[in-house]
Amino acid sequence: MAVTSPRQSDAMPERTSTILLVEDERALREALADALTSEGFVVKQADTGAAGLAAFRAAPPDLILLDLMLPEMGGIEVCRSIRSSSRVPIIMVTAKASETDRISGLDLGADDYVTKPFSSRELVARIRAVLRRAAAGESPAAVGSRLRIAEAEIDLEGQRILRSGSVVHVKPKAFQLLAFLIQNAGRVYSREQLLDRVWGYDYAGETRTVDVHMHALRQAIEAVPAQPTALQTVRNIGYVLRRSA
Ligand code: CA
């Protein structure tokens with residue numbers, strides 16, 4: 001990780017946290033800045049994606065509130081750029097719920113999404129939750145709550161896969177598949193059952209989708225993906241996750 005965010009204390013991280021607010025609508029940006037300042041946050045503002053990226057690089061905040069629709073350099077591009085070097089918490093702000101669905105499927109690495117219009121109370125609750133997760137993920141005490149699967153540590157609450165201390169990015173669906181198999185370790189599921197249980201009964205995809213996500217998960221957590229010790233194939237049936245004792 002090239003950039004780390006300064007943190008004061010795990011006990012009350014929200015009281016001293018700096019938030020970078022990237023939003024081009026001036027009235028909304030200023031209203032949000034006022035609301036967050038009155039909640040005890042230090043707020044920095046940027047009105048374009050490029051300005052937001054520059055502000056992030058100059059002084060990494062504790063959390064970034066990033067609007068999706070920005071002129072020139074959009075929120076998706078900004079998020080990707082930041083994620084190439086940092087795990088700083090990012091909450092994406094979208095104008096429509098359908099946008100949230102779309103961008104959350106892009107695996108941008110955002111920690112949460114809020115859809116306009118939202119109340120400042122809702123936003124503050126989301127910000128505090130994301131900051132708490134980030135602080136917990138970085139404190140040594142939280143390591144015990146992670147599960148060791150093959151070569152990786154799985155942070156179910158933070159929805160992260162860590163390998164040698166670094167986050168390995170997989171698509172949200174792949175993580176959901178892994179979480180489902182962890183919760184049902186030792187039980188064999190067919191591809192159809194996994195589609196039903198993880199993707200949902202309405203999903204019209206093909207069973208090959210399961211294979212693609214399983215391949216990605218094996219790359220993420222297995223020492224030798226072609227010879228998996230945890231995410232095993234059961235011939236002619238499907239898959240099972242086996243946890244070593
Ligand atoms: Ca906007």
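Residues numbered from 1 in each chain as written. Predicted model: local features only at pLDDT ≥ 70, side-chain atom pairs only at ≥ 80, totals over all residues. Heavy atoms only, no water.

**Brief notes about the confidence of the model for the protein**
Summary statistics for the protein give a mean pLDDT of 85 and a share of 88% for residues scoring 70 or more. Below a pLDDT of 50 lies the segment residues 139-144, which in the model reaches four contacts outside its immediate sequence neighbourhood of four places, other chains included. (pLDDT = per-residue confidence, 0-100. Contact = heavy atoms within 4.5 Å.)

**What about the sheet that holds strand E4 (residues 90-94)?**
Across the sheet, which stays open at both edges, the five strands sit in the order E2-E1-E3-E4-E5 with parallel pairing between neighbours. Since the sheet does not close on itself, it has two edges, and those belong to strand E2 (42-46) and strand E5 (112-115), each with one partner. Going across the sheet, the axis of each strand differs from the next one's by a mean of 20°, ignoring polarity. Note: strand E3 (residues 63-67) against E4, four bridges, orientation parallel. Its bridge partner being in E4, Ile64 is matched across the sheet by Ile90. Along the sheet, helix H2 (residues 49-58) contacts strand E1 (18-22), E2 and E3; its crossing angle with E1, the most-contacted strand, is approximately 160°. (Pairing = 2+ DSSP bridges. Helix = DSSP H or I, 4+ residues; strand = E, 2+ residues; numbered from the N terminus. Axes fitted to C-alpha atoms, helices over the stretch in contact; angles between N-to-C directions.)

**Topic: the pattern of salt bridges**
Tallied over the full model, the rule gives eleven salt bridges. Via salt bridges that share partners, Glu23, Glu25, Asp67 and Lys116 belong to a single interconnected network. (Salt bridge = Lys/Arg side-chain N within 4 Å of Asp/Glu carboxyl O.)

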